[in-house]
Structures are given as structure tokens and as C-alpha cells.
Amino acid sequence: MTDTSNGRTGAAVRLDGVTFSYGEASMAFDLTVEAGSITAIMGPSGSGKSTLLNLVAGFETPKSGRVLIGDRDVAHEPPAARPLSMVFQENNLFAHLDVAQNVGLGRSPALRLTPSDRTAVSEALVRTGLGGKEHRLPRELSGGERQRVALARVLVRDRPVLLLDEPFASLGPALREDMLGLVADLHAERGMTVLFVTHQPEDARRIGETMVFLEDGKITAIGEVSKFFGKHGPEAFRRYIGSVAGSLQSHGIARKRT
Ligand SMILES: Nc1ncnc2c1ncn2[C@@H]1O[C@H](COP(=O)(O)OP(=O)(O)OP(=O)(O)O)[C@@H](O)[C@H]1O
């Protein structure tokens, strides 16, 4: 299931004829994501970005079609059985557990940790800049630190696929830049397949290799990130970027999501 032929350890992700609907909002996805790549998922609000990730993660089940991770069809497997980690915009942590315990859950849901699990937790905390904060509760951390804890848990889980659903959207520009750098470093180290949803074109440019653009529950453009931002990028994407830039300017803010 993992592909190490290119030195990367991620697994390919494939949505094959997947259909899904929430009442009137119907969606259909066909997508192949290369093992070990970083894919940005963009598109207008309500276009289906989170739903696409939720179908991969198992929080939603397709009406038809296959969800493949590596060679395995996981479409009907519960989220915990799938070989992936997911980080959301917020609420990634258990409020009553301290930092080390929240990270330890990535090794054992019952927190029965072996000495080597504890070592992995300590190393992940240092790696994510949280050394010395292991006994804090989530409410005693900043928003950026809480997302670091979630990334430390990703590190100790060490799964071949990482799904990020706007995890840094509520952070300021400098902090977001730091966190994207951390994701890029973790990817360089572990080579997992990363799919991330963002509303920020510069996030896609910063760490994305492939861009998937959604409109009305469908993928309407896909390709190299650099080509999307060029003069010959897909028309729908250029329109979308134009409207995002316009709305940011009219609100007098440069980078934060409206
Ligand atoms: N739990 C739900 N119940 C009913 N409809 C839903 C639910 N979640 C999403 N939808 C609808 O499904 C469509 C796709 O939603 P989704 O959250 O995937 O979009 P998105 O592109 O991630 O949007 P945003 O950028 O605003 O987060 C929208 O029409 C939305 O209203």
C-alpha cells in the first residue's frame, strides 16, 4: 500500500466514480493523487472541498464509487481503520487531556503507552516546538500551539496520508507561514501524501505541488500549482482568485479569509 519507489512513503489516494449528496447538494468526484505528493484543494465556499476530504477520511460514505488508499478500497471502513490522519481548523484536541496525552492518543487510543511510545511523543513535541509544554491543557495554549499539538499527533501516528482541512485559517499571516513551513518539513521528512483545503492562494503556492479546483460539487480543473497561477491558468480559477482578491481588498485586509 505504500510507495517507496521514489523515496516517499505516502500512499496514493483515488476517488473512483464517487458520488455523494446532502439533500440537493450533489457531488461527484474522480481524482487520482500520487503517493507522496502535496495537493492543494481550492474552490468557492460550498463547492465540496470539506466533503471531498470527509469522503477520504470516512466521515462520509459515498453513495457509489470507490475510495482507494494504496490498493485498498476503504469506502466502507470507519475513519479509525483508515491509514490516515486529519487535522481540522479547530477542535482537534480533547480539552481534559494535557498536551502529552493528546499527542499520545496518536499511538494508543486508550493511552496505554510503551516506553518507546513515550519517547516518540517527547520527540514529536520537541520537533513541533512544544518541548516544556507537555503538561499544559489545550485551554492554556495559543491557537497556533494547539495546531502544533495536532501536528505532533500526526507525527506519532505516522500514517501514509495526511488530510488538512483549513487547519491554519484562523491564525495570523506570520504564524500561518510558520505552520506551513512545519508541514513542508514534516512532508520532506516522512514523505506522506498530503491533501489540504485552503482559501489562501499563497498557501497553495507555498507548499502545493498539484492543485485541485472545485466548483458545484465537481472537480473542474486539476494540474500543477505553478501552471494555475500563470497567464494560461484555468479561466474559472482566475475568476475565483480575482473575486477572492477583490473581496479581501474591499474589506481592507490582505491575507485573512473573509
Ligand atoms: N452536514 C451537512 N448537511 C447538509 N448539507 C451539508 C452538510 N455539510 C455540507 N453541506 C452542503 O454541502 C455542500 C458542500 O459543502 P462543503 O462543506 O463540502 O463545502 P466547502 O467547499 O468545504 O465550503 P467552505 O469553503 O465554506 O468550507 C454545501 O452546499 C453545503 O451546504
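Residues numbered from 1 in each chain as written. Predicted model: local features only at pLDDT ≥ 70, side-chain atom pairs only at ≥ 80, totals over all residues. Heavy atoms only, no water.

Draft legend 1. Layout of the layout of surface pockets. The computed volume of the largest pocket comes to approximately 600 Å³. Of all elements in the fold, only strand E6 (84–87) and helix H4 (143–157) reach the threshold of two or more residues within the lining of the largest pocket. Tallied by class, residues from the lining of the largest pocket come to 14 nonpolar, 4 polar and 5 charged. Here the second largest pocket is characterised by a volume of approximately 200 Å³. As for the second largest pocket, its lining consists of Gln89, Glu90, Asn91, Asn92, Leu93, Pro138, Gly143, Arg146, Gln147, Ser170 and Leu171. (1 Å grid on protein atoms, 1.4 Å probe; cavity = no way out; pocket = protein on both sides within 12 Å on 5 of 7 lines; lining within 4 Å. Points joined across faces, edges and corners; volume = space filled by probe spheres on them. Helix = DSSP H or I, 4+ residues; strand = E, 2+ residues; numbered from the N terminus. Nonpolar A, V, L, I, M, F, W, Y, C, P; charged D, E, K, R; others polar.)

Draft legend 2. Summary view of the pattern of salt bridges. Using the criterion set out here, one finds 14 salt bridges in the structure. Residues glutamate 77 and arginine 72 are paired through a salt bridge, measuring 2.8 Å at the closest nitrogen-oxygen approach. Between arginine 107 and aspartate 117 there is a salt bridge whose closest N-O contact spans 3.1 Å. Here arginine 107 is found in the loop between helix H2 (99–104) and helix H3 (115–127), whereas its partner aspartate 117 is found in helix H3, with 10 residues between them in sequence. Each of Arg127, Asp158, Glu189 and Arg190 takes part in a single network of salt bridges with overlapping partners. (Salt bridge = Lys/Arg side-chain N within 4 Å of Asp/Glu carboxyl O.)

Draft legend 3. Representation of the nonpolar core. Ranked by internal contacts, the top residues of the largest apolar core, which has 43 residues, are Leu125, Leu151, Met211 and Phe213. When residues of this core are assigned to domains, at least three fall in each of domain 1 (10–83 + 160–238) and domain 2 (93–158). Counting 27 residues, the second largest nonpolar core, distinct from the first, contains Val18, Val56, Ala57 and Leu84. (Core = buried A, V, L, I, M, F, W, Y, C linked by side-chain atoms within 4.5 Å. Buried < 20%, exposed > 50% of the residue type's maximum accessible area, 1.4 Å probe, protein only. Domains from an automatic or database assignment.)

Draft legend 4. Representation of the packing of H4 against helix H5 (residues 173–190). Between H4 and H5, the shortest axis-to-axis distance is 11 Å and the interhelical angle comes to 5°. In terms of axis orientation, H4 runs roughly parallel to H5. In this structure, H4 uses Gly144, Gln147, Arg148, Leu151 and Leu155 to contact H5, whose residues at the interface are Leu175, Asp178, Met179, Leu182, Val183, Leu186, Glu189 and Arg190. Each residue belonging to the contact of H4 with H5 can be placed in one class, and the counts come to 7 nonpolar, 2 polar and 4 charged. (Axes fitted to C-alpha atoms, helices over the stretch in contact; angles between N-to-C directions. Parallel < 35°, antiparallel > 145°, perpendicular 65-115°, else oblique. Contact = heavy atoms within 4.5 Å.)

Draft legend 5. Seen up close, the domain arrangement of the chain. Looking at the assigned domains, one finds that the chain contains domain 1 (10–83 + 160–238) and domain 2 (93–158). Measuring from the centre of the C-alpha atoms in domain 1 to the corresponding centre in domain 2 gives 25 Å. Taken together, the 15 residues of domain 1 in the interface contact 11 residues of domain 2. Here domain 1 meets domain 2 over a buried area of about 1100 Å², counting both sides, of which 65% is carbon and sulfur. Of all residues in domain 1, Leu182, Leu186 and Arg190 give up the largest surface area on contact with domain 2, accounting jointly for 40% of the area buried on that side. (Buried area = accessible area lost by both parts, 1.4 Å probe.)

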